[in-house]
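Take a look at the letters that make up each chain.
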Amino acid sequence: MDRIDRKLLNLLQRDASRTNADMADEVGLSPSSCLRRIRRLRQTGFIDRIVAILNPARTGRMLKALVTVELKLHGEHHMRRFLDLAIREDAVAQAYAVTGEADVVLILRLRDMEEFDALCDRLFRDQTNVARFFTMMVIRTAKDETIVPL
């Protein structure tokens, strides 16, 4: 990856809806060379996927919560079982197996507290292997960035 590849990746991270011609002009390439580079960056796995980032307020999912989860039983099988359960939930935007006191961290996008309560019933109670969970509701977002620094 060279300087031009990094420039293209930065442009795409900020706004992937830009035209190929516009990006080519900005990095000093012909449109065909620019398109070849972007295809190569996709094929080599630098570009994982291209998505639209929605405004949560417009979608009705204005509540954001961070949940740390401690499992009763440990080991790969138990972790995988819980994560498989979590990722099937629409409100789970991100799910991470982590080190430290918690075993899992979930980032939730919720419509309201009723949706959160129902999700708690499904994910954290009964036969889900959860010893305890702690929830932090986001009251203000200082930074919510998707860009990976290059």
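Shown above is the structure to which this text applies.
Given the structure is predicted, the values throughout are model-derived calculations rather than measurements.

Novice: Break down the environment of isoleucine 139 for me, citing the residues and quoting the values.
Specialist: Following the sequence through the fold, isoleucine 139 ends up in the segment after strand E4 (130-137). Taking the C-alpha atoms as reference, isoleucine 139 lies 35 Å from glycine 45; in sequence the two are 94 residues apart.

Novice: Hey, could you go over the nonpolar core for me, with residue numbers and the actual values?
Specialist: By size, the foremost hydrophobic cluster in this structure holds 20 residues, and its most contacted members are Val69, Phe82, Leu106, Leu108 and Phe124. Those residues in contact with valine 69 that sit more than four places away from it in its chain are Phe82, Ala102, Asp103, Val104, Leu106, Phe124, Val130, Arg132 and Phe133. If you look at the next biggest cluster of nonpolar residues, it comprises twelve residues, including Ile4, Leu9, Leu11 and Leu12.

Novice: Explain the pattern of salt bridges residue by residue, including any values.
Specialist: For the coordinates displayed, the defined rule picks out 14 salt bridges. A salt bridge links aspartate 48 to arginine 49; its shortest N-O distance comes to 3.9 Å. Among the residues examined, arginine 49 registers a relative accessible area of 63% and is labelled exposed. Here arginine 132 ties to glutamate 70 by a salt bridge, and the two come within 3.0 Å at their closest N and O atoms. Remark: glutamate 70 occurs in strand E1 (residues 63-71) and arginine 132 occurs in strand E4; sequence separation between them is 62 residues.

Novice: Just give me the short version of the sheet that holds E1, but keep the residues and values in it.
Specialist: Taken in spatial order, the four strands line up as E2-E3-E1-E4 in an open sheet, and their pairing is antiparallel. Of all strands in the sheet, those bounded by a partner on one side alone are strand E2 (92-97) and E4. Each neighbouring strand pair of the sheet contributes to a mean axis angle of 20°, computed without reference to strand direction. Alignment of E1 against E4, held across seven bridges, turns out to be antiparallel. Paired with valine 69 across the strands is phenylalanine 133, a residue of E4. Together, E1, E2, strand E3 (104-110) and E4 form the strand contacts of helix H6 (residues 113-123), whose direction differs from that of E3 by roughly 145°.

Each value, and the rule that gives it
- Residues numbered from 1 in each chain as written.
- Predicted model: local features only at pLDDT ≥ 70, side-chain atom pairs only at ≥ 80, totals over all residues.
- Heavy atoms only, no water.
- Helix = DSSP H or I, 4+ residues; strand = E, 2+ residues; numbered from the N terminus.
- Core = buried A, V, L, I, M, F, W, Y, C linked by side-chain atoms within 4.5 Å.
- Buried < 20%, exposed > 50% of the residue type's maximum accessible area, 1.4 Å probe, protein only.
- Contact = heavy atoms within 4.5 Å.
- Salt bridge = Lys/Arg side-chain N within 4 Å of Asp/Glu carboxyl O.
- Pairing = 2+ DSSP bridges.
- Axes fitted to C-alpha atoms, helices over the stretch in contact; angles between N-to-C directions.

Worth remembering: the numbers are spatial, not functional.
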